[in-house]
Amino acid sequence: MSARNRRLPRHRAWPLTTTDIDECLGPHMSRVTDLRFLTGHDSGTIVLGAAWVAPNRRDYGRSIHPDTVGFRIDVHPVEATDRAATRAVLRAQALPQLHAWITQAIAADETWQWVDHQRSWRLTARATPTGR
């Protein structure tokens, strides 16, 4: 994809592809309601984010649309020169953790599922993600 079409500066790149995430999650991918490839200039050290969007009431008695309930995954851009190393580590470490987190969330009780939750993976050293 060209830099113009992907809306990223040439020196930035996404460390994962839709295929990477789809292969990792398998049938759980149907629970992902929003997969975003962010275009912001600097996400700090965050390279991958995930969130559970709960069906809770947020604004004075109005519930959210049912199509937005589920998992949201955000892929943050990294320096293009670090893409390959970051991708390898994310595929080996962060994506299996993401799969485990989603699996646990699906099996969680109602108390957990009625509250929003977030998880993110950051680069702590050169291409070493840590999950929170």
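Residues numbered from 1 in each chain as written. Predicted model: local features only at pLDDT ≥ 70, side-chain atom pairs only at ≥ 80, totals over all residues. Heavy atoms only, no water.

1. A look at the packing of aromatic side chains
In the structure shown here, the tally under the stated rule is five aromatic pairs. Here the aromatic rings of Trp 14 and Phe 37 are separated by 5.5 Å at their centres, their planes lie at 70°, and the arrangement is edge-to-face. One end of the pair, Trp 14, is in the loop between β1 (12-13) and α2 (18-25); the other, Phe 37, is in strand β2 (residues 32-37), with 23 residues separating them in the sequence. Since its relative accessible area comes to 15%, Trp 14 is described here as buried. Given a relative accessible area of 25%, Phe 37 falls into the partly exposed group. (Phe/Tyr/Trp six-rings, centres within 6.5 Å; stacked < 30°, edge-to-face > 60°. Helix = DSSP H or I, 4+ residues; strand = E, 2+ residues; numbered from the N terminus. Buried < 20%, exposed > 50% of the residue type's maximum accessible area, 1.4 Å probe, protein only.)

2. Quick word on α2
Here α2 has its buried residues at Asp 20, Ile 21, Cys 24 and Leu 25. The buried residues of α2 occupy one face: seen down the axis, they fall within an arc of 115°. Looking at the buried positions of α2, the neighbouring elements they touch are β2, β6 (70-75) and α3 (83-107). Positive phi shows up at Gly 26, right after α2, with a value of about 55°. (Arc of directions from axis to C-beta. Contact = heavy atoms within 4.5 Å.)

3. Here's the deal with the nonpolar core
With 26 residues, the main nonpolar core has Ile 21, Leu 25, Leu 48 and Leu 98 as its most contacted residues. Every element with two or more residues in this core is listed here: α2, β3 (46-53), β6, α3 and β8 (117-125). Counting residues per element, this core draws most heavily on α3, at seven residues. For Ile 21, the residues in contact, after removing those within four places along its chain, are Leu 16, Met 29, Leu 35, Ile 73, Val 75 and Leu 95. (Core = buried A, V, L, I, M, F, W, Y, C linked by side-chain atoms within 4.5 Å.)

4. Focus on the pattern of salt bridges
Counted under the stated rule, the structure contains seven salt bridges. The shortest N-O distance in the salt bridge between Asp 20 and Arg 91 comes to 2.6 Å. Remark: Arg 91 occurs in helix α3 and Asp 20 occurs in helix α2; sequence separation between them is 71 residues. For the salt bridge of Arg 91 with Glu 23, the shortest nitrogen-to-oxygen distance reads 3.6 Å. Taken together, the residues span a long stretch of sequence, with Arg 91 in helix α3 and Glu 23 in helix α2 at a distance of 68 residues. Accessibility expressed as a relative area gives 53% for Glu 23, which makes it exposed. (Salt bridge = Lys/Arg side-chain N within 4 Å of Asp/Glu carboxyl O.)

5. What about the environment of Arg 72?
For Arg 72, the location among the structural elements is in strand β6. In this structure the C-alpha to C-alpha distance between Arg 72 and Val 53, which are 19 residues apart in sequence, comes to 7.2 Å. Beyond its immediate chain neighbours, meaning those up to four positions away, Arg 72 contacts Asp 34, Arg 36, Gly 49, Ala 50, Ala 51, Val 53 and Gln 118.

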